[in-house]
Amino acid sequence: MRIARFSIDGNVAFGAVEGEGTVESGGLVLDIIKGIPYTDFELSGTKVPLSKVRLLPPVLPNKVVAIGRNYAEHAAELGHEVPDVPVAFFKPTTSVIGSGDAIEYPSFSNELHHEAELAVVIGRMCREVPRERVKDVIFGYTCANDVTARDAQEREKQWARAKGFDTSCPLGPWVETDLDPSDLTIQATVNGEQRQLGRTSDMIRSIEDLVVHITEAMTLLPGDVILTGTPAGVGPLNVGDEVAVTIEGIGTLTNRVIKRG
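First, a word on what this report is: a plain description of the structure on this page. (Residues numbered from 1 in each chain as written. Predicted model: local features only at pLDDT ≥ 70, side-chain atom pairs only at ≥ 80, totals over all residues. Heavy atoms only, no water.)

### Side note on the overall build of the chain
Spelled out, the test is: Secondary structure elements follow DSSP: runs of H or I no shorter than four residues count as helices, runs of E no shorter than two count as strands, and numbering proceeds from the N terminus. Only C-alpha atoms enter the radius of gyration, while the globule expectation follows 2.2 Å times N to the 0.38, with N the number of residues. For the area figures, the Shrake-Rupley method with a 1.4 Å probe applies, and any residue is considered shielded solely by the protein chains shown.
When helices and strands are tallied, the chain shows five helices and 20 strands. The C-alpha atoms of the chain give 17 Å as radius of gyration, which agrees with the globular expectation for 261 residues (18 Å, within 12%). With the C-alpha coordinates of the chain rotated into their principal frame, the extents come out at 55 × 45 × 30 Å. For the chain, the computed accessible surface area is about 11,600 Å², with 48% contributed by carbon and sulfur atoms.

Next comes the structure, spelled out in structure tokens:
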């Protein structure tokens, strides 16, 4: 099931996406969910065309835990070794935007990069999750773009500003709850030109590895997000560019880059 979060007439709700096609092509409708989707819920039967609503970030995470250098070719293209343990960092909630929202080019950077990623959405509070229970704590999966101020990342060494600035974490367009994430095509395009193309099967550490590793240290809450790393091909974004992240079985997350006003 595809679960979207949206606003219509000033109200915010969740809905199940029904029909075929894309956000832009039409043909999709939302069946409004009674309550929130992390617990047992009912579909209301009230349906609205997706074209009539504004899609919001599909979740409002308490925290986004991101993993760096989880694809060997990406580590190599930046001149880095594959780390012995997963490299984890945070992106704040203020960095999260939805599909169709603008990425604001930060004033402290001259080298903004896209990073297409599979995002894991947590469905229940969990800590110290054993490997065999990882699937039980996952709500679903969505597309992410770990937008990075590459020059600031290299200059400052710490990644807080480079990867945590406002609008640096597009998520969407919805959460797919019924998906095998082990071998999916993941790609990024800029102005229709393909930049990244990889498969989730190329991850150095699996989703199970990452959930176990992260929850050894911290409690994850419903709606929290794990970014699983990006394949090779990261590259520059400029003001006016349209960047799209597409993941097989989920859909396409699209954002335009604007000058921060």
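### Let's talk about empty space enclosed by the protein
Put simply, the test is: A pocket, in this scheme, is an open set of points on a 1 Å grid over the protein atoms alone with protein on both sides within 12 Å along at least 5 of 7 lines, while a cavity is a set where a 1.4 Å probe fits but cannot get out; residues line either one if an atom lies within 4 Å of a point. Grid points are joined across faces, edges and corners, and a volume is the space filled by probe spheres set on the points. Ten residue types, Ala, Val, Leu, Ile, Met, Phe, Trp, Tyr, Cys and Pro, are classed as nonpolar, four, Asp, Glu, Lys and Arg, as charged, and the remainder, Gly among them, as polar.
Evaluated as defined, the whole model comprises one cavity of 30 Å³ or more. Taken together, 16 residues line the largest cavity, and the ones lying closest to its centre are Gly68, Arg69, His74, Glu115 and Lys163. For the lining of the largest cavity, the elements supplying multiple residues, two or more each, are strand E6 (64-68) and helix H3 (150-156). Grouping the amino acids of the lining of the largest cavity by side-chain chemistry returns four nonpolar, six polar and six charged.

### Some words on unusual backbone geometry
If a residue is not glycine, its phi is most likely negative; likewise, a peptide bond is most likely trans. Residue Gly172 is joined to Pro173 through a cis peptide bond whose omega torsion reads 5 degrees. Take Pro173: it is sitting in strand E14 (residues 169-176).

### A look at the side chain of Lys91
For clarity, the threshold we go by: Polar contact is defined as a pair of N or O atoms within 3.5 Å, subject to the rule that within protein one atom must be able to donate a hydrogen and the other to accept it, and that residues adjacent in sequence are counted only when both atoms are side-chain atoms. Only heavy atoms enter the contact rule, under which two residues are in contact if any of them lie within 4.5 Å.
Take Lys91: it is sitting in strand E7 (residues 87-91). Reaching out from Lys91, the side chain makes a polar contact with the backbone oxygen of Lys163 at a distance of 2.5 Å. With residues up to four places along the chain from it excluded, the contact list for Lys91 reads Val64, Asp146, Val147, Lys163, Ser168, Cys169 and Leu227.

### Considerations on the pairing of E6
This is how the line gets drawn: Only protein chains enter the accessibility calculation, which uses a 1.4 Å probe; a residue is then buried when its area is under 20% of its type maximum, exposed when over 50%, and partly exposed in between. The pairing criterion is simple: DSSP has to find at least two bridges between the two strands.
Where burial is concerned, most of E6 is hidden: five out of the five residues are buried. Alternating positions in E6 separate into two faces, Val64, Ala66 and Gly68 on one and Val65 and Ile67 on the other, with burial throughout. Bridge analysis of E6 against E7 gives five bridges, and the strand direction is antiparallel. Looking at E7, one finds that Val64 is bridged to Lys91. Alignment of E6 against strand E17 (residues 225-227), held across three bridges, turns out to be parallel. Following the sheet pairing, Val64 is matched in E17 by Val225.

### A short note on the environment of Ala116
As for its position among the elements, Ala116 is in strand E11 (residues 116-122). For Ala116, a relative accessible area of 0% corresponds to the buried category. Considered as a pair, Ala116 and Pro173 are 57 residues apart in the sequence and their alpha carbons are 14 Å apart. Apart from the residues within four sequence positions on either side, Ala116 is in contact with Ala144, Asn145, Ile186, Gln187, Ala188, Gln196, Gly229, Thr230, Pro231 and Val245.

### Focus on the sheet that holds strand E9 (residues 102-105)
Worth spelling out the cut-off: The convention used is that axes are lines fitted to C-alpha atoms, helices contributing only their stretch in contact, and that angles between N-to-C directions extend from 0 to 180 degrees.
Ordered in space as E9-E20-E19-E15-E16, the five strands form an open sheet in which the pairing is mixed. Of all the strands in the sheet, the pair left with one neighbour each is E9 and strand E16 (193-199). Pairs of neighbouring strands in the sheet enclose a mean axial angle of 20 degrees, with direction left out of account. Relative to strand E19 (residues 242-247), strand E15 (residues 185-190) runs antiparallel, the two being bridged by five bridges. If you follow Thr189 over to E19, its bridge partner there is Ala244.

### Quick look at the sheet that holds strand E13 (residues 148-149)
Judged by pairing direction, the sheet is antiparallel, and its three strands sit side by side in the order E13-E10-E18 without closing on themselves. Each having just a single partner strand, E13 and strand E18 (235-237) make up the two edges of the open sheet. Pairing of strand E10 (residues 112-114) with E13, which is carried by two bridges, proceeds in the antiparallel orientation. Residue pairing across strands places His113 opposite Thr148, the latter belonging to E13.

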